[in-house]
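Secondary and tertiary structure notes
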Amino acid sequence: QVYLVESGGGLVQAGGSLRLSCAASGHTVSVGSMAWFRQTPEKEREFVAAISGTGVTTYYKESVKGRFLISSDNAKNTLYLQMNTLTPEDTAVYYCAARGQSWPLLTTTARADYWGQGTQVTVSS
């Protein structure tokens, strides 16, 4: 079992930045690819960014490319999402997810084996 706990969400003005963290615990040696997803009350949970188990390969939702940066610190068992130039459309609950395989990347909710509880990000205009 792997446990994921997100932190770093909050309220920020448009154009601002936030850094989300996701601390993994438990049987972390089994974790491969990790990712961030987000969800609003009006939409299904959607993919935001993913990273391979080695941290070498990343992949992003088109609308966040150039603004968001996913990274991992395997020594600390922590996943990060640096979010810059935020817009109100980025408002959502952000979830950390993990899967047991490093490939293919965790880009769909169906591939996730573990989920965090989510952290709210609100961007005001």
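Since this is a predicted model, take the numbers as computed values, not measurements.

1. Quick notes on the state of the cysteines
- On inspection of all chains with the given rule, the structure shows one disulfide.
- At a sulfur-sulfur separation of 2.1 Å, the disulfide partner of Cys-22 is Cys-96. Since a negative S-S torsion denotes a left-handed disulfide, the Cys-22-Cys-96 link at about -75 degrees is left-handed. In this pair, Cys-22 is assigned in strand S3 (residues 18–26) and Cys-96 in strand S9 (residues 92–98), connecting sequence segments 74 residues apart.
- Look at Cys-22 and you get buried, because its relative accessible area is 0%.

2. Observations concerning the pattern of salt bridges
- Enumeration according to the criterion identifies six salt bridges in this entry.
- The residue Glu-46 makes a salt bridge to Lys-43 at a minimum N-O spacing of 3.6 Å.
- Residue class for Lys-43 comes out partly exposed when judged on its relative accessible area of 48%.
- Taking the shortest distance from any N to any O, the salt bridge between Arg-67 and Asp-90 comes out at 2.8 Å. Pair noted here: Arg-67 is in the loop between strand S6 (58–60) and strand S7 (68–73) and Asp-90 is in the loop between strand S8 (78–83) and S9, with a separation of 23 residues, a long-range link.
- Classification of Asp-90 as buried rests on a relative accessible area of 1%.
- Salt bridges linked by common partners bring Arg-38, Lys-43, Glu-46, Lys-61, Arg-67 and Asp-90 together as one network.

3. Quick look at unusual backbone geometry
- The omega angle of the peptide bond from Trp-103 to Pro-104 is 0 degrees, so this bond is cis rather than trans.
- Looking at where Pro-104 falls in the secondary structure, it is placed in the loop between S9 and strand S10 (114–115).
- With a phi angle near 50 degrees, Asn-77 is a residue other than glycine that sits in the positive phi range.
- Summarising the element assignment, Asn-77 is placed in the loop between S7 and S8.
- Here the phi dihedral of Thr-85 falls at roughly 50 degrees; this positive angle occurs in a residue that is not glycine.
- For Thr-85, the position within the fold is in the loop between S8 and S9.
- Residue Thr-85 is classed as partly exposed on the basis of its relative accessible area of 46%.

About the thresholds
- Every chain's residues receive numbers from 1 upward, in the order its sequence appears when written.
- Under the rules for a predicted model, residues below a pLDDT of 70 receive no local features and side-chain atom pairs below 80 are neither given nor counted, while totals for whole chains, interfaces and linings still include all residues.
- Just so you know, side-chain values use all the structure's heavy atoms and leave hydrogens and water out.
- In this description, a disulfide is simply a cysteine sulfur pair whose atoms lie within 2.5 Å.
- Here a helix means four or more residues in a row that DSSP labels H or I, a strand means two or more in a row labelled E, and each is numbered from the N terminus.
- We call a residue buried when its accessible area falls under 20% of the maximum for its residue type, exposed when it is over 50%, and partly exposed in between, using a 1.4 Å probe and counting protein chains only.
- Definition used for salt bridges: Asp or Glu carboxyl oxygen within 4 Å of a side-chain nitrogen of Lys or Arg.

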